[in-house]
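Okay, here's what each chain looks like letter by letter:
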Amino acid sequence: MSVLLFSNLLCGVSGLDKSVVYSANSLAKDGYDVHLINVVGRHGGFCEATPKFELSDKVKLYSLQSMYIDGGAHATDKFEEGYNLKQKFLTATFSKHDLHVIRGILESLCASDTVIFTHPLQSVLAYRSNAKLRARTLLQIHGNYEEEVHNLDLLIESKVVIDYLQVVSEAMIPGLSRVSGFPVEQIVFIPNIHLPALIEREQVKDKFAVCIVGSLQVRKNQLDAIKAIEGLLEDHNDLELHLWGGVNNDYGKYIRKYIENKGLSKNIILNGLGTEAEIYKNCDLVVMTSVSEGFPYIMMEAGSQGIPLVVYDFKYGAKDFVEDGVNGYVVPWGDIEEMSKCILMLKNNPNLLLEYGARCKEKFHSEFSEDSILRRYQDLIGVDRAENFFASDWVRNISSIVKPKLKKHERVTIFNRHVFDYIEVELGEERGSVELFSYDSRGTFKRKSKIKNGVLKAKLFRPLSELALPSRKYILSIISNGEPHYILNTKMNGNVEFLPQFDSREYLSGKNDDLFEILFSECKISYDGLNIKLPSFEILRGVTNERGDFIRHQVNFKSSAGKHEYYVTVTGEFESIRLSFNSGREFLVNVPRLTIAEILSRLDSIESEMLLNYHVNGVYLWELVKVSVFEVLAEAFGLWGKHFSRPVSFKKHYPGSKKISKSPSFENVIFEFTRKGDIDEKTAALQDASSLVIEYPQSYGYTLKSYIESNVYPISEFDRVSEKISLRACEKYCEDFVEGILEEEFGVRFDFSGMFNQRLLKFKKEFSYWNKFFRDRDVKSTVIPSAYWSSGIVHAARINGVKVYDVQYALITPLHPNYGFTNRRHYCPDAIYVWSKYWRYESFPYKEYHYLPRLMSEGEASDIDSDILILSQPRIGDRLARFTSKLAKHHPDKKIIVALHPDESADNYSCYEELSLSGVEFIVGKTLSLIKSAKICIGVYSTSMYEAVALGKPVYVAPLPGSEIVDSALKEGLFRRVESLSDISEYEIPDISKEIFDAV
């Protein structure tokens, strides 16, 4: 038996998207032959058909727009409209070919198969395709159709192709029967499937955390939840309300403004999107104040974690899960005061909170578990597990030997009238009978053509009656031995366009189980990562590395000079990449083996020869982008993954009156470095009465000093003024000069124009504002921590005679790309404050060195001792996790702790089961205390390695990408390289370790 599920948009994170994926996974797990088709999408639907929730590899995935009927024989029907839907929240257009495909799919099913529509749009498509259905059909109802009239209309239109309505809340049945006309007997109650995440919840906290989950919208009515908490804060300041969900809409902006105006930001937090682990890890209570729902996933998510709920009595589903006074509270809709009382009742009664939570968990497992819901499906669709595979039937047939390629297209005009198009098409050496056809809104037309030396030549004349009219769009193809082959199509303006869904790729002609190779030189590197051109017009099922581990990826659509192409953008740690498709085809990309040192060496060689003096309208571009280019190259060659920094929301709104432009004159201007969502105060020792301190916003806004009379001023005026600045055409990077040099050096194509122009715009914003500031004042010096990233401010200061100081904020070595330029830079600070003489390198381009000691915490050693402490780095987290796993197996008697980087969390390593089984612990924060309690430390290129050796701890360097950055410390004997897992022991620390943080 096959089960065919239709979905609108798999790329979303809504409860409906989750329901579709979880249902498909569970049915496949239960032995059914499951196929999932995404029907809404542009350009083949690849981007929209990439699920955000993990989809089982047992489920076959398709995009309607990428499927073919009869091996592509009717591909030209893609240019004819078949059905058009326009709703407030959903607009979609389907071609005649899409309807052909739906009809073909549905008619290939037999009576024992099942079709599940998850939205009435899909049942309308089935109805309009005129398919002769034999399989049973279900339409899932996920909303309140008594109010959602637009969806009810679709349901009624397609009623004849629907056997059953499936509701996710039993309370829906009477009302839905009344408005739809479906007998109650044809409406079945089968809840959504939820698979609980494994979450280790924190039990001891100083705050009582209430959560409301869902995108901010009027229907979710989060404002009532805010008001319910607001009324309690005067006497209960330990209460917090966390709002989880997308906020980028008008209602979200209104909520944000309400919180700010009421001064509630400390207790009511907008978190944005989050995983289940992030949402429920610290959650004590979940509330829901929705106007209406279908059956909200949030109740099952919270209940399965043992978290009680307080909910409005909305339609539908509130009482399906929450039993008032048993496992939570059901509050009359709109009664904010009662909602507050119920929240307070559970906050003040921890035992009752635990009791209700336990009953929620019991309710979930007894009535809403995966097994109980699967039994409901089995009762309806049967238990026959016979397979009916048809995945390969919907892939383009490309077995023909003809591979047409456009050689020339010329638009010919006479007296400004478009008269004809002249074309030349290369056919290749082998070909049968060939005929040329064009297709437009008038129909299909055979065109006269001549073939000479394998090149087809033709003039495509327009009808005389249309010469005064705008050109029609048309598609051009040849037919060889009865099979159509796409050449090109034109747009309304007459420009040529190439659509890959009509293209055929030569290396797809092998068997489905063959392994094909994609050359690395055919890929493209952009700021997003390594972009691999999709070699098959079918849905990508998986991207794995050489070990078979899944790699983070995103399918993207790119267009250049009329040529549309699809890429999968890959980020992660890998040596090779394998792409897998539904049909069984697999493609391998062998990535060149480079090291971090080799990448930097190659960049240095082309920098000194060609790049340092290249400028865009007077701005020396390479100095702005070198570090970003290096980081992208390290990612594209699979050496480093993305630096997954935890999102920090900065509150830029400043209601105070202080403006930098109105500040008194100071001799020194200090830009305070911001990091990890708070002020780092790297420059605190330099600040005095002669200094103007520029403060950056934090998650809570600006500190009190930015409001009172002081030498601290917020940077808000600069932020506000710079928003209006943009690049003129002459100021943009519009050529491929840098990319051409990089391509010649690394053997792969590049697309960095977007990244380059972002850096140019940042430079312009900084220079425009601060040039005027320094010009109008008698400033002697300025201090800019990590000055490389503020080149516009550096340039503005220097041309006005202001001395610029940089400040060391982390380890710096000759192989650190921020500092390792091959010559003195145009935007280099004059001097730098380093921690000690140890960090003074002759190769660095500074005129002066000054010393600013790094304050080593005097905190006590951690009470958690370790034999080996791993100093983590997020960019190499995967390789370091595997290294740690091998280390733990080799030393089962050793206590191993991983000190996580501040941007990491233990959740990032939950997938490494072997680590948890070996007893390795992950701890975030208190790194210095953990170092003091460790016997030996192991790292790759972390500043904490220098802190450890300065504290007298032996430090080993794991042989992983980036370890070259600390080569100088290895040569000095400060660190030792891990040559063998057996040979890790304590050693005598050289005296030079005392100089690392000693400024004397």
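Residues numbered from 1 in each chain as written. Predicted model: local features only at pLDDT ≥ 70, side-chain atom pairs only at ≥ 80, totals over all residues. Heavy atoms only, no water.

Draft legend 1. Quick peek at the pattern of salt bridges. If you walk through the whole model with that rule in mind, you get 44 salt bridges. R547 is the partner of E546 in a salt bridge, and the nearest nitrogen-oxygen pair spans 2.8 Å. Assessed through its relative accessible area of 33%, E546 is described here as partly exposed. Residues R775 and D776 are paired through a salt bridge, measuring 3.9 Å at the closest nitrogen-oxygen approach. Connected through salt bridges with shared partners, the residues E546, R547, D549, D878 and R882 form a single ionic network. (Salt bridge = Lys/Arg side-chain N within 4 Å of Asp/Glu carboxyl O. Buried < 20%, exposed > 50% of the residue type's maximum accessible area, 1.4 Å probe, protein only.)

Draft legend 2. Geometry of the environment of L621. Along the chain, L621 turns up in helix 15 (residues 621–636). Spatially, the C-alpha atom of L621 lies 7.3 Å from that of L760, the residues being 139 residues apart in sequence. Sequence-distant contacts of L621, defined by excluding residues within four places in its chain, comprise Y614, H615, V616, Y733, V738, F756 and L760. (Helix = DSSP H or I, 4+ residues; strand = E, 2+ residues; numbered from the N terminus. Contact = heavy atoms within 4.5 Å.)

Draft legend 3. Quick peek at the nonpolar core. Core analysis: the biggest nonpolar cluster contains 265 residues, and I577 and F975 have the highest contact counts within it. Looking at this core element by element, the count peaks at 10 residues for helix 15. When residues no more than four places from it in sequence are discounted, the contact partners of F975 are M945, Y946, V949, V955, V957, V966, A969, L970 and Y987. In terms of nonpolar packing, the next biggest core, distinct from the first, is built from 24 residues, F773, A796, V802 and V804 among them. (Core = buried A, V, L, I, M, F, W, Y, C linked by side-chain atoms within 4.5 Å.)

Draft legend 4. Structural context of the sheet that holds strand 46 (residues 896–900). With parallel pairing, 6 strands are arranged side by side in an open sheet as 47-46-45-48-49-50. The sheet is open, and its two borders are formed by strand 47 (921–924) and strand 50 (975–977), each paired with just one other strand. When the angles between neighbouring strand axes are averaged without regard to direction, this sheet yields 30 degrees. Where strand 45 (residues 866–871) meets strand 46, 4 bridges bridge the pair, whose relative direction is parallel. Pairing of L869 across the sheet is with I897, part of strand 46. Sitting on the sheet, helix 20 (residues 877–890) touches strand 45, strand 46 and strand 48 (934–939), and the angle it makes with strand 45 is about 165 degrees. (Pairing = 2+ DSSP bridges. Axes fitted to C-alpha atoms, helices over the stretch in contact; angles between N-to-C directions.)

Draft legend 5. The pairing of strand 6 (residues 114–117), seen in detail. A two-sided burial pattern is seen for strand 6, the buried positions comprising T114 and I116 on one face and V115 and F117 on the other. As paired strands, strand 1 (residues 2–7) and strand 6 are joined by 4 bridges and run parallel to one another. Bridge pairing in strand 6 places L5 opposite I116. Here strand 6 pairs with strand 7 (residues 136–141) via 4 bridges, running parallel. Bridging from a neighbouring strand, F117 pairs with L139 of strand 7. Taking the sense of rotation as the criterion, the β-α-β connection linking strand 6, helix 3 (residues 120–128) and strand 7 turns out right-handed. (Right-handed = clockwise from strand over helix to strand, strands pointing away.)

Draft legend 6. The arrangement of the side chain of R777 in detail. Structurally, the position occupied by R777 is in the loop between helix 18 (753–775) and strand 41 (781–785). With no salt bridge to any partner, buried R777 finds its closest opposite charge in D776, at an N-O distance of 6.6 Å. Residue contacts for R777: discarding those within four places in its chain leaves I660, S661, K662, S663, P664 and S665. (Lys, Arg positive; Asp, Glu negative; His and termini not counted.)

Draft legend 7. Highlighting the packing of aromatic side chains. Following the criterion strictly, the structure yields 44 aromatic pairs and no others. When the ring of F746 is compared with that of F750, the centres are 6.4 Å apart and the planes differ by 65 degrees; the resulting orientation is edge-to-face. Taking relative accessible area as the criterion, F750 reaches 9% and is therefore assigned buried. With centroids separated by 6.3 Å and ring planes inclined at 5 degrees, the aromatic side chains of F763 and F767 adopt a geometry described as stacked. Here F763 and its partner F767 are both found in helix 18, 4 residues apart, which amounts to about one turn of the helix. F767 gets classed as partly exposed once you look at its relative accessible area, which sits at 21%. Here a set of aromatic residues connected by ring pairs shows up, and it is made of F520, Y614, F637, Y733, F737, F746, F750, F752 and F756. Residue placement shows K642 over the ring face of Y527; its charged tip is 5.3 Å from the ring centre. (Phe/Tyr/Trp six-rings, centres within 6.5 Å; stacked < 30°, edge-to-face > 60°. Lys NZ or Arg CZ within 6 Å of the ring centre and 35° of its normal.)

Draft legend 8. Summary view of the sheet that holds strand 8 (residues 164–167). Taken together, the 7 strands give an open sheet; going across it, the order is 3-2-1-6-7-8-9, and neighbouring strands pair in parallel fashion. Single-partner strands in this sheet number two, and they are strand 3 (60–63) and strand 9 (187–189). Strand-to-strand, the axes of this sheet are offset by a mean angle of 25 degrees, without reference to chain direction. Sheet strands in contact with helix 1 (residues 15–29) are strand 1, strand 2 (33–38), strand 6 and strand 7, and its direction is about 170 degrees off that of strand 1.

Draft legend 9. Examining the side chain of N327 more closely. In this fold, N327 is placed in the loop between helix 10 (318–321) and strand 15 (328–331). For N327, the side chain forms a polar contact with the main-chain nitrogen of E323, separated by 2.7 Å. Here N327 is in contact with P308, L309, F321, V322, Y356, R359, C360 and K363, once residues within four sequence places are set aside. (Polar contact = N/O pair within 3.5 Å; in protein donor to acceptor, adjacent residues only side chain to side chain.)

Draft legend 10. Representation of a nonpolar patch on the surface. Residues L704, Y707 and I708 make up a contiguous nonpolar surface patch of roughly 290 Å² in combined accessible area. A relative accessible area of 41% places I708 in the partly exposed class. (Patch = residues over 30% accessible without salt bridge, like charges linked within 9 Å, V, L, I, M, F, W, Y side chains within 5 Å. Areas by Shrake-Rupley, 256 points an atom, 1.4 Å probe, with all protein chains shown as cover.)

Draft legend 11. Focus on unusual backbone geometry. For the peptide bond that leads from K315 to Y316, omega is -5 degrees, which places it in the cis range. Residue position: Y316 is located in the loop between strand 14 (309–312) and helix 10. Residue N221 is not a glycine yet carries a positive backbone phi of 55 degrees. Structurally, the position occupied by N221 is in the loop between strand 10 (208–213) and helix 6 (222–230).

Draft legend 12. Structural detail: helix 2 (residues 96–108). Spanning 13 residues, helix 2 covers 19 Å between terminal C-alpha atoms, matching the ideal 18 Å at 1.5 Å per step. For helix 2, every residue scored as buried is listed here: H97, D98, L99, H100, V101, I102, G104, I105 and L106. At its buried positions, helix 2 is contacted by strand 1, strand 2, strand 4 (81–86), strand 5 (91–95), strand 6 and helix 3. (Expected span 1.5 Å × (residues − 1).)

Draft legend 13. Focus on helix 17 (residues 737–746). Residues of helix 17 that are buried: V738, E739, I741, L742 and F746. Projected onto a plane normal to the axis of helix 17, the buried residues spread over an arc of 160 degrees and lie on a single side. Tucked into the core, helix 17 has its buried residues touching helix 14 (596–611), helix 15, strand 40 (749–751) and helix 18. Backbone geometry just downstream of helix 17 places G747 in the positive-phi region, at approximately 70 degrees. (Arc of directions from axis to C-beta.)

Draft legend 14. Local environment of a negative patch on the surface. Together, E972, E988, D991, E995 and D998 line one region of the surface with negative charge. Secondary-structure assignment places E972 in the loop between helix 24 (967–971) and strand 50. Residue class for E972 comes out partly exposed when judged on its relative accessible area of 34%. (Charge placed at Lys NZ, Arg CZ, Asp CG, Glu CD.)

Draft legend 15. Looking closely at the confidence of the model for the protein. Averaged over all residues, the pLDDT of the protein equals 88, while 92% of them reach at least 70. Contacts for the low-pLDDT stretch residues 505–512, under 50 throughout, to residues beyond four places or in other chains number 22 contacts. (pLDDT = per-residue confidence, 0-100.)

Draft legend 16. Representation of the packing of helix 6 against helix 11 (residues 336–348). It is the contact of helix 6 with helix 11, at a shortest axis distance of 8 Å, that shows an interaxial angle of 60 degrees. By the angle between their directions, the pair helix 6 and helix 11 is classed as oblique. Remark: the crossing between helix 6 and helix 11 carries right-handed chirality. Contacts from D224, K227, A228 and I229 of helix 6 reach helix 11 at I336, M339, S340 and I343. When the residues that make up the contact of helix 6 with helix 11 are grouped by side-chain class, the tally is 5 nonpolar, 1 polar and 2 charged. (Parallel < 35°, antiparallel > 145°, perpendicular 65-115°, else oblique. Left-handed = near helix turned anticlockwise from the far one by under 90°. Nonpolar A, V, L, I, M, F, W, Y, C, P; charged D, E, K, R; others polar.)

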